[in-house]
Amino acid sequence: MMRYHLMPVTAFNQNCSLIWCDQIKEAALVDPGGDARRLCLEIETFNVTITKILLTHGHLDHVGASKELAQYYGVPIIGPHSADQPLLENLPGQCKMFGVPIIDSFLPDHWLDNGEIIKVGMESYLVLHCPGHSPGHVVLWNKTSRFIIMGDVLFRNAIGRTDLPGGNAQMLMHSINNLLLRLADDIVFLPGHGPMSTIGRERYSNLFLR
Ligand SMILES: [Zn+2]
Ligand SMILES: [Zn+2]
């Protein structure tokens, strides 16, 4: 079975998450945006083995501690889609824009493509490329557990902002309407910020989707 634990990080309250397979206790750390030391201490309490770091997109608050933690755990950084390469190359610029200490730019060990399957222990996640909030944004869908790691595409009562570099409102709505809202109402998702929701809840009550 898939298990998860939320660990909000940075001043942006970004939902970094630990996801693991409870059969063989292999885990992935998703979107470690900062607060590396606190994450390590919290992760230790779960008795799981981190095998990879997964990134939904190239924004500072989602990727800031990736390099440091990849080195600490000796694991690869996987994702986002290569269309976010310019964002990752300009991490120092993003830091300046938000007035936070500079983080060196880095590239992942593996870019993700639409339709790719990622394994975390015995659990499988299908990669959906959902551009709009950023060009290379991906969401990770665990079909068996009916669970999506959403990043900043769709939130409870909101949608991703599109005013940051590379953002595109039309593309975002296309991703939401053609990829996400085609899925079933009961699917639970974990957004990059704020509380959890379901596809159905947003379909019927998210004012941005009217
Ligand atoms: Zn973002
Ligand atoms: Zn974010």
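Residues numbered from 1 in each chain as written. Chains lettered and ligands numbered in written order. Predicted model: local features only at pLDDT ≥ 70, side-chain atom pairs only at ≥ 80, totals over all residues. Heavy atoms only, no water.

With omega at 0 degrees, the peptide bond leading from Gly-79 into Pro-80 counts as cis. With respect to the helices, strands and loops of the structure, Pro-80 is situated in the loop between strand S5 (77-78) and helix H4 (85-89). For Asn-47, which is not a glycine, the phi torsion comes out positive at approximately 55 degrees. Along the chain, the position of Asn-47 falls in the loop between helix H1 (36-44) and strand S4 (49-54). Within the chain, Asn-157 stands out as a residue other than glycine whose phi angle is a positive 70 degrees. Relative to the assigned elements, Asn-157 resides in the loop between strand S10 (154-155) and strand S11 (158-159). (Helix = DSSP H or I, 4+ residues; strand = E, 2+ residues; numbered from the N terminus.)

Attention shifts here to the coordination of the zinc ion (ligand 2). Within the protein, Asp-61 (OD), His-62 (NE2), Asp-152 (OD) and His-193 (NE2) serve as the donor atoms for the zinc ion (ligand 2), at 2.0 to 2.6 Å. Of note is the zinc ion (ligand 2), whose four donor atoms meet at the metal with angles of 85 to 158 degrees in an arrangement that counts as irregular. Read N to C, the donor residues that coordinate the zinc ion (ligand 2) are spaced as D-H-x89-D-x40-H. Taken as a pair, the zinc ion (ligand 2) and the zinc ion (ligand 1) show a spacing of 3.4 Å, with Asp-152 coordinating each metal. Here His-193 lies in the loop between strand S12 (188-191) and strand S13 (197-198) and Asp-152 lies in the loop between strand S9 (147-151) and S10, a separation of 41 residues in the sequence. On the basis of relative accessibility, which here comes to 4%, the residue Asp-152 falls in the buried class. (Donors = N, O, S within 2.8 Å, 3.2 Å for Na, K, Ca; no water. Tetrahedral: all angles 85-135°; square planar, octahedral: opposite > 155°, others 65-115°. Buried < 20%, exposed > 50% of the residue type's maximum accessible area, 1.4 Å probe, protein only.)

The residue Phe-155 is located in strand S10 in this model. Phe-155 sits in the buried class, given a relative accessible area of 11%. For the pair Phe-155 and Ile-53, spaced 102 residues apart in the sequence, the C-alpha separation amounts to 22 Å. Non-local contacts of Phe-155, meaning those with residues more than four positions away in its chain, are made with Gly-160, Phe-189, Pro-191, Gly-192, His-193, Glu-202 and Asn-206. (Contact = heavy atoms within 4.5 Å.)

Moving on to helix H3 (residues 66-73). Along H3, the residues that are buried comprise Ser-66, Leu-69 and Ala-70. Each buried residue of H3 lies within a common arc of 105 degrees when the element is viewed along its axis, so the set occupies one face. Across from the buried face of H3, at angles greater than 90 degrees, the exposed residues are Glu-68, Gln-71 and Tyr-72. Looking at the packing, one finds that the buried side of H3 touches strand S3 (26-30), H1, S4, helix H2 (60-63) and S5. Following H3 by one or two positions, Gly-74 adopts a phi angle in the positive range, close to 65 degrees. (Arc of directions from axis to C-beta.)

It is worth spelling out the pattern of salt bridges at this point. Taken as a whole and judged by the stated rule, the model has six salt bridges. The shortest N-O distance in the salt bridge between Asp-35 and Arg-38 comes to 3.2 Å. The class for Asp-35 is partly exposed, based on a relative accessible area of 35%. On the basis of relative accessibility, which here comes to 37%, the residue Arg-38 falls in the partly exposed class. The partner of Asp-186 in a salt bridge is Arg-146, and the shortest N-O contact between them spans 2.6 Å. Of this pair, Asp-186 sits in the loop between helix H6 (169-180) and S12 while Arg-146 is found in the loop between strand S8 (138-142) and S9, placing the two residues 40 residues apart along the sequence. With relative accessibility at 44%, the residue Asp-186 sits in the partly exposed group. Among the ionic contacts, a cluster of salt bridges with common partners joins Asp-35, Arg-38 and Glu-42. (Salt bridge = Lys/Arg side-chain N within 4 Å of Asp/Glu carboxyl O.)

Right, let's talk about the coordination of the zinc ion (ligand 1) for a bit. Looking at the metal site, the zinc ion (ligand 1) is ligated by His-57 (NE2), His-59 (ND1), His-133 (NE2) and Asp-152 (OD), spaced 2.1 to 2.3 Å from it. For the zinc ion (ligand 1), the four donor atoms in the first shell make angles of 88 to 172 degrees at the metal, so the coordination geometry reads as irregular. Spacing between the donor residues of the zinc ion (ligand 1) along the chain follows H-x1-H-x73-H-x18-D.

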